[in-house]
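Fold and contact review
The chain contents come next:
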Amino acid sequence: NAGGVNLTLSSGTTSIAADITQGAGFSAVSTNRLNAAPNTFSGMITGDTGIVSAVLLQGNFGSTTTSFTGGLNLDTTTADAFVATGAGTVNVAASPNFNNVDSTTARALNIATATTSTGMAFNRLTSGTGSTGATNQGILIDRLTGTGAVSAGSVTVQNAGQNGIEITNSGVDFNFTNGAGTAVT
């Protein structure tokens, strides 16, 4: 994974404090089939990845915890920007940098079959532009459980082909604010 981090079939602890910057073609962070290990990314994660997901957490065992504490700046064009499907426990801490997740024609968030213990705090979530949008939902959250809330200071979904924000079968609190500063809960 040229410039990014790819963790596969690991059961050990991973702690990466360095900033990660990834351009087009590869995910900035990708995990697959991790087992019972805490994985912490405390540096700034920057992914301008175009047609691949900037963060891709998939197929991890339920006892795996992946935490982002140093900030996210994720931009994609045709791929979901932040994907956590079958990801175990995922936490995104509020950051003094920022946690911005944007996609031009795909989902900003795609979270399914995951848990959060401390929550996911985003500054901005954006899907779509004034002329284009995701062919499906701008934000999809399905089967997210845990004790932490999911929050975003600014959420903008434009021209989505399906529901702009779709939350199903989930048992955590959600606190979103639209681009104009109005709370959507």
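Look above for the structure.
Residues numbered from 1 in each chain as written. Predicted model: local features only at pLDDT ≥ 70, side-chain atom pairs only at ≥ 80, totals over all residues. Heavy atoms only, no water.

With respect to the overall build of the protein
Looking only at helices and strands, one finds zero helices and 18 strands in the protein. For 185 residues, the compact-globule estimate of 2.2 N^0.38 gives 16 Å, and the protein sits close to it at 15 Å. Here the C-alpha coordinates of the protein stretch approximately 45 × 35 × 30 Å along the principal axes. Within the protein, the fraction of its 185 residues that count as buried is 49%. For the protein, long-range pairs separated by at least 24 residues make up 79% of all intrachain contacts whose partners lie at least 6 apart in sequence. (Helix = DSSP H or I, 4+ residues; strand = E, 2+ residues; numbered from the N terminus. Rg over C-alpha atoms; globule rule 2.2 N^0.38 Å. Buried < 20%, exposed > 50% of the residue type's maximum accessible area, 1.4 Å probe, protein only. Contact = heavy atoms within 4.5 Å.)

A closer look at the packing of aromatic side chains
Enumeration according to the criterion identifies four aromatic pairs in this entry. With a centroid separation of 6.0 Å and 70° between ring planes, the pair formed by Phe68 and Phe82 is classed as edge-to-face. A residue pair is termed long-range when its members are at least 10 positions apart, and Phe68 in strand S8 (residues 65-68) and Phe82 in strand S10 (residues 82-92) qualify at 14 residues. Phe82 shares its class with Phe68; the two are buried. Between Phe82 and Phe122, the aromatic rings sit 6.0 Å apart at their centres with planes inclined by 80°, giving edge-to-face as the arrangement. Pair noted here: Phe82 is in strand S10 and Phe122 is in strand S13 (residues 120-127), with a separation of 40 residues, a long-range link. For the pair Phe82 and Phe122, a shared accessibility class is recorded, and that class is buried. In textbook terms, an aromatic cluster arises when at least three aromatic residues are bridged by ring pairs, as seen for Phe41, Phe68, Phe82 and Phe122. (Phe/Tyr/Trp six-rings, centres within 6.5 Å; stacked < 30°, edge-to-face > 60°.)

Topic: unusual backbone geometry
We note that Asn159 has phi near 55°; this positive angle belongs to a residue other than glycine. By secondary structure assignment, the location of Asn159 is in the loop between strand S15 (150-157) and strand S16 (165-168). Relative accessible area serves as the criterion here: at 44%, Asn159 is assigned to the partly exposed category.

Concerning the side chain of Asn136
Residue placement: Asn136 occurs in the loop between S13 and strand S14 (139-146). A relative accessible area of 18% places Asn136 in the buried class. Sequence-distant contacts of Asn136, defined by excluding residues within four places in its chain, comprise Arg107, Ala160, Gly161, Gln162 and Asn163.

Note that all results are geometric; they support no functional claim without further evidence.
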